[in-house]
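Coordinates in review
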Amino acid sequence: MKDALKKLSARSVFIDRFETLLHIQYGSLDFFAARRSMVYSKNLRYHGDSFRKEFLESDDIRDSTPYNADDWTKQIPIKGQAQGGPYIGVHMRRGDFAHAHKNRIPSIREICSAVRVKLDELGLSKVFLATDGTKDEIKEFEKELGAAFTVHRFVPTKERLNMFYDGGIAIIDQWIAAHSRYFIGTCSSTFSLRIQEDRDILGFHPDTTYNCVCGSQAGPDQCSQPTQYWAVKFS
């Protein structure tokens, strides 16, 4: 790849599914150096941070989540130093993913049951929900969770959607979820994995990060808690 790129006169090159090439060295220091270098744009982080402050009582000082966006090589946290905002982050993957993985994906009721247990355990009342679910599925989540808890979502204005498109909005979702006190993702979801990596980079303890809910119909060979073995390496 390096030799081929050297022969090009173009200054920018788009490589579709470049992640496939990175996976040749998945888990190596070089791989994680590349991942750590992927700093989100200042504008996207600004909108995510503004939402945290306005709706979730969350900011980097109170949450102990300092972030060196100017030099990613200096963003080397102490594991467990990050506390996170007073809310639980939930990534609830639905749509085609839920259909393709129906043997392991939990029902919305099962997800809410697990989230309620953790909210009570941590003494929290707020949830940030990142999801590609339908409006009906979101309403079902809110109903199943119960009136004692508040569900927040980043719903972009038309102006922001035209500015950032779906990909940018997804990163804002990801950034907000990554700063939660505790994160519950969707098993086998790449989006959840990216949030887990962000949390490693921010300094969260793995026990508050690598969590998911398995459907009651799933056997141990079909769904299990995410492994901490692939946590981001810094040296």
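Our subject is the structure that appears above.
So, here is what we can say about the structure in this document. In this text, all values refer to a predicted model and were calculated from it rather than measured experimentally.

**With respect to the packing of aromatic side chains**
- The final tally for this structure, using the stated rule, is ten aromatic pairs.
- Measuring from centroid to centroid gives 4.5 Å for Tyr26 and Phe31, while their planes differ by 55°, and the two rings are tilted.
- Under the relative-accessibility criterion, Tyr26 is labelled partly exposed at 24%.
- You can call Phe31 buried: its relative accessible area is 5%.
- Ring geometry for Phe51 against Phe154: centres 5.7 Å apart, planes inclined by 70°, an arrangement best described as edge-to-face. In this pair, Phe51 sits in helix α4 (residues 42-55) while Phe154 sits in the loop between β3 (150-152) and α9 (158-178), placing the two residues 103 residues apart along the sequence.

**Brief notes about the pairing of strand β1 (residues 85-92)**
- Most of β1 sits out of view: seven of its eight residues are buried.
- Bridge analysis of β1 against strand β4 (residues 180-184) gives four bridges, and the strand direction is parallel. Directly across from Gly89, in β4, lies its bridge partner Phe183.
- Relative to strand β2 (residues 126-131), β1 runs parallel, the two being bridged by five bridges. Counted as the bridge partner of Gly89 is Phe128 from β2.

**Some words on the state of the cysteines**
- Per the counting criterion, the structure on display carries two disulfides.
- Here Cys187 pairs with Cys212 through a disulfide, and the sulfurs are 1.8 Å apart. Between Cys187 and Cys212, the disulfide has an S-S torsion of 60° and is therefore right-handed. Here Cys212 lies in the segment after α10 (190-202) and Cys187 lies in the loop between β4 and α10, a separation of 25 residues in the sequence.

Reading the values: the criteria
- Residues numbered from 1 in each chain as written.
- Predicted model: local features only at pLDDT ≥ 70, side-chain atom pairs only at ≥ 80, totals over all residues.
- Heavy atoms only, no water.
- Phe/Tyr/Trp six-rings, centres within 6.5 Å; stacked < 30°, edge-to-face > 60°.
- Buried < 20%, exposed > 50% of the residue type's maximum accessible area, 1.4 Å probe, protein only.
- Helix = DSSP H or I, 4+ residues; strand = E, 2+ residues; numbered from the N terminus.
- Pairing = 2+ DSSP bridges.
- Disulfide = S-S within 2.5 Å.

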